[in-house]
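Given next are the chains, with one letter for each unit.
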Amino acid sequence: MAGFSGVYSVGESLVQYLRNIYPTDLRADHPCRFELAKSADFSEADSFTETTISLFLYRMSIAQYLHPAGTRRTQPPTSRALPLDLHYMLTVWTDSKHTEQ
């Protein structure tokens, strides 16, 4: 069972995926870093010294319609696996309106 470390791993995997697919031609003109955000980061947004794209997990809920096997759930899950829906917010932090858009 993965527990909370599994949720963290999903976030880290998404950040790494974004790093990997960031187009090379944009990297030269708009260098930036990708990172997971915590709620305290929003109060310190002015402290970013470089362009940052943050991924913030703002909601986590039990999947209402899918069973872990991918079929519709008619009864509560009997296994220890609990299907979750993770909701992320992607935010750009920079001092340039052009880069932000």
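Just so we're clear, the structure is a prediction, and the values are computed from it rather than from any experiment.

Once that is clear, we can look at the confidence of the model for the chain. With 79% of its residues at a pLDDT of 70 or more, the chain has an overall mean of 82. No element of the chain has a lower mean pLDDT than helix 3 (residues 97-100), which averages 76, and none a higher one than helix 1 (residues 4-21), which averages 93.

Turning our attention to the nonpolar core. Listed in full, the 6 residues of the largest apolar core are Val-15, Tyr-22, Cys-32, Phe-34, Ile-53 and Leu-55. In this structure Phe-34 touches Val-15, Leu-18, Arg-19, Tyr-22 and Ile-53, once residues within four positions along its chain are discounted.

As summarised here, the arrangement of the 3 strands in space is 1-2-3, forming an open sheet in which the pairing is mixed. On the outer flanks of this sheet lie strand 1 (33-36) and strand 3 (84-93), each paired with one strand and no other. When strand polarity is set aside, the average angle formed by the axes of neighbouring strands in this sheet is 25°.

This part takes up the pattern of salt bridges. Considering all chains together, one arrives at 2 salt bridges under this definition. One salt bridge in this structure joins Glu-35 and Arg-33, with 3.1 Å as the shortest N-O distance. You can call Arg-33 partly exposed: its relative accessible area is 30%. Residues Glu-50 and Arg-33 are paired through a salt bridge, measuring 3.8 Å at the closest nitrogen-oxygen approach. You can see Glu-50 sitting in the loop between strand 1 and strand 2 (52-62) and its partner Arg-33 sitting in strand 1, a full 17 residues away along the chain. Overlapping salt bridges bring together Arg-33, Glu-35 and Glu-50 as one network.

Now for a nonpolar patch on the surface. A cluster of nonpolar side chains, namely Phe-4, Met-60, Ile-62, Leu-82 and Leu-84, defines an oily patch on the protein surface of about 510 Å² accessible area. For Leu-84, the location among the structural elements is in strand 3.

A word on the layout of surface pockets. Size it by volume and the second largest pocket reaches roughly 180 Å³. Considering the residues around the second largest pocket, the lining is formed by Tyr-22, Leu-26, His-30, Cys-32, Thr-51, Ile-53, Val-92, His-98, Thr-99, Glu-100 and Gln-101. Sorting elements by how many residues they give to the lining of the second largest pocket places helix 3 first, with 3 residues. Class assignment of the residues belonging to the lining of the second largest pocket gives a composition of 5 nonpolar, 5 polar and 1 charged.

What follows covers the packing of aromatic side chains. Using the criterion set out here, one finds 1 aromatic pair in the structure. Ring geometry for Tyr-22 against Phe-34: centres 5.4 Å apart, planes inclined by 70°, an arrangement best described as edge-to-face. Here Tyr-22, found in the loop between helix 1 and helix 2 (24-29), pairs with Phe-34, found in strand 1; they are 12 residues apart in sequence, far enough to count as distant. You can call Tyr-22 buried: its relative accessible area is 14%.

Criteria and cut-off values
Residues numbered from 1 in each chain as written. Predicted model: local features only at pLDDT ≥ 70, side-chain atom pairs only at ≥ 80, totals over all residues. Heavy atoms only, no water. pLDDT = per-residue confidence, 0-100. Helix = DSSP H or I, 4+ residues; strand = E, 2+ residues; numbered from the N terminus. Core = buried A, V, L, I, M, F, W, Y, C linked by side-chain atoms within 4.5 Å. Buried < 20%, exposed > 50% of the residue type's maximum accessible area, 1.4 Å probe, protein only. Contact = heavy atoms within 4.5 Å. Pairing = 2+ DSSP bridges. Axes fitted to C-alpha atoms, helices over the stretch in contact; angles between N-to-C directions. Salt bridge = Lys/Arg side-chain N within 4 Å of Asp/Glu carboxyl O. Patch = residues over 30% accessible without salt bridge, like charges linked within 9 Å, V, L, I, M, F, W, Y side chains within 5 Å. Areas by Shrake-Rupley, 256 points an atom, 1.4 Å probe, with all protein chains shown as cover. 1 Å grid on protein atoms, 1.4 Å probe; cavity = no way out; pocket = protein on both sides within 12 Å on 5 of 7 lines; lining within 4 Å. Points joined across faces, edges and corners; volume = space filled by probe spheres on them. Nonpolar A, V, L, I, M, F, W, Y, C, P; charged D, E, K, R; others polar. Phe/Tyr/Trp six-rings, centres within 6.5 Å; stacked < 30°, edge-to-face > 60°.

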